[in-house]
Structures are given as structure tokens and as C-alpha cells.
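# Architecture and fold: a report
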Amino acid sequence: MYVRNIREIKMNLRARYRQFREKLGEDRKISLDSTIQSRLLALREYAAADTVFTYVSKPIEVDTIALIKAALANHKLVAAPRCVPDTYDMEFFYITSLDDLEKGSFGVLEPIVSKCRRVTDFSRGFCIVPGLSFDAQGYRLGYGKGYYDRFLAEFGGATVGICYSGCVQWNLPHGYYDKPVDILITEKYIRRMANQKS
């Protein structure tokens, strides 16, 4: 019963924050995205990173296309994820332009395997983490498939969640093995977590 209640709570939260995002007007979203992007690009962790791991945003997510373009212009290695068919795992591939992407799982743009080199070293770097919601401790509410939960368990670099402040709440339900992000960025603030790696 407890597990079912947690699932139901998460399902209701996903519906709430999806609705919040869908109701954002286009101009408002562009403004919020731009502020979040500026905050992220000014981070010392971003400046220090050779490799930026990032999701390729869907329409209801904080836009990462501009971040990908900025990172490439900053001469950083950029790696994007591709879902492994018939599993809940994903692999990252280096991309050199948006032309290296094609529509893949769930309609999301993913690296074209034949054009891109697969990433094998996840010991360092800077990872932009998606989430429908984050809480004040850095825990995230994803889409329920667990792709990023599995990846973050092995990732050794800095992690940053980007989210609208209207989708942040004080506490989210999370499991023992869930990993919070090191930094949370909204259009209103940058929050560094107490557990952040030095």
C-alpha cells in the first residue's frame, strides 16, 4: 500500500508540474529559459568543465538547445543521451552540432550513432539534469522511467538541475538510492546543496 501511495503521489505531482509548464506562455517561457541559461553559463563548474553532458529539451522543458550551442561555441565537448532500445538505460554520445541529432525514443532528439562517438568516461564533467520538479535538497522528480537515476548513480562530475521556480517544492518523495543534484538553478536563484562535492 505504501509503495502504491508513493507512486500515486508522484503521478499527481507529475501531472501538476506538467500542467504548470504547458500553461506558460511562449514569451514568458523564453524569458525564464534565458535567465536560467545565463545563470548556468556563469557557473564556475561550467567554466572548469571540459565536457558538458546535457539532455536535449522537449517543448515543456527548460530549453537546452541554446546551452548546447553556447557550449560548442565555448569549445567544450558536448555529450547527449540516447536511450538503449528495450532497456531503461541510456548511452551518451559526443555531438559536434545539432545536425548530429535525430528523433528517437519518445520523440526526443538523440545522437545519430553512426555519426557520433560514444562516451566511456563518466568520472568527471558537468551534467545538466532534467526534471519535472526539484526540491530544496536537490532531489528530482523525473518522468518515471529511471534513465537518469541509473546514470547519476555512476556519474562522477558536477550535476546541475535546471527548473522553473514554480516547479520547485520543499520536499519530494525519494528513495534511498536517489542522488540529489549538486546545484539547482531557477530563474530566481542558484542553490548549492550542502552535500555538494568539493
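Residues numbered from 1 in each chain as written. Predicted model: local features only at pLDDT ≥ 70, side-chain atom pairs only at ≥ 80, totals over all residues. Heavy atoms only, no water.

With respect to the secondary-structure elements, Ser57 resides in the loop between β1 (51-54) and α4 (65-73). Residues Ser57 and Pro130 lie 73 residues apart in sequence; the distance between their C-alpha atoms is 8.3 Å. Among all residues touching Ser57, those that are not within four sequence positions of it are Val62, Asp63, Thr64 and Ile65. At a separation of 3.4 Å, a polar atom in the side chain of Ser57 contacts the side chain of Asp63. (Helix = DSSP H or I, 4+ residues; strand = E, 2+ residues; numbered from the N terminus. Contact = heavy atoms within 4.5 Å. Polar contact = N/O pair within 3.5 Å; in protein donor to acceptor, adjacent residues only side chain to side chain.)

The next subject is the environment of Val108. Along the polypeptide, Val108 turns up in the loop between β4 (101-103) and β5 (109-111). With 52 residues separating them along the chain, Val108 and Val56 place their C-alpha atoms 7.1 Å apart. Ignoring anything within four residues of it in the chain, the contact list for Val108 reads Val56, Lys58, Glu102 and Lys103.

Here we take up empty space enclosed by the protein. By the definition in use, this model includes two cavities of 30 Å³ or more. Split by residue class, the lining of the second largest cavity holds three nonpolar, no polar and three charged. (1 Å grid on protein atoms, 1.4 Å probe; cavity = no way out; pocket = protein on both sides within 12 Å on 5 of 7 lines; lining within 4 Å. Points joined across faces, edges and corners; volume = space filled by probe spheres on them. Nonpolar A, V, L, I, M, F, W, Y, C, P; charged D, E, K, R; others polar.)

Right, let's talk about the pairing of β1 for a bit. Here β1 shows no split at all, with Thr51 and Phe53 on one side and Val52 and Thr54 on the other all buried. In this sheet, strand β2 (residues 77-83) lies alongside β1 in parallel orientation, the contact comprising three bridges. Pairing of Phe53 across the sheet is with Ala79, part of β2. Taken together, β1, α4 and β2 constitute a β-α-β crossover, and its handedness is right-handed. (Buried < 20%, exposed > 50% of the residue type's maximum accessible area, 1.4 Å probe, protein only. Pairing = 2+ DSSP bridges. Right-handed = clockwise from strand over helix to strand, strands pointing away.)

Moving on, we come to the layout of surface pockets. One number sums up the size of the largest pocket: a volume of about 1,000 Å³. Considering the residues around the largest pocket, the lining is formed by 39 residues, among which Gly142, Tyr143, Gly144, Lys145 and Gly146 are closest to the centre. For the lining of the largest pocket, the secondary-structure elements that each account for two or more residues are α1 (2-22), β2, β5, β8 (140-141) and α5 (147-152). In terms of residue count, the dominant contributor to the lining of the largest pocket is α1 (eight residues). Among the residues making up the lining of the largest pocket, the classes are represented as 19 nonpolar, six polar and 14 charged. Of the volumes computed, that of the second largest pocket is approximately 180 Å³. Lining the second largest pocket, in full, are Glu45, Ala48, Ala49, Asp50, Thr51, Phe53, Tyr94, Asp121, Arg124 and Gly125. Listed by contribution, the elements that provide at least two residues to the lining of the second largest pocket are α3 (44-48) and β1.

Moving on, we come to the pattern of salt bridges. Summed over all chains, the structure comprises 10 salt bridges. The partner of Arg118 in a salt bridge is Glu91, with the nearest N and O atoms 4.0 Å apart. Placement of the pair is Arg118 in the loop between β5 and β6 (126-129) and Glu91 in strand β3 (residues 90-95), with a sequence separation of 27 residues. Connected through salt bridges with shared partners, the residues Arg44, Glu45 and Arg192 form a single ionic network. (Salt bridge = Lys/Arg side-chain N within 4 Å of Asp/Glu carboxyl O.)

None of the figures reported here should be taken as evidence of function without further support.
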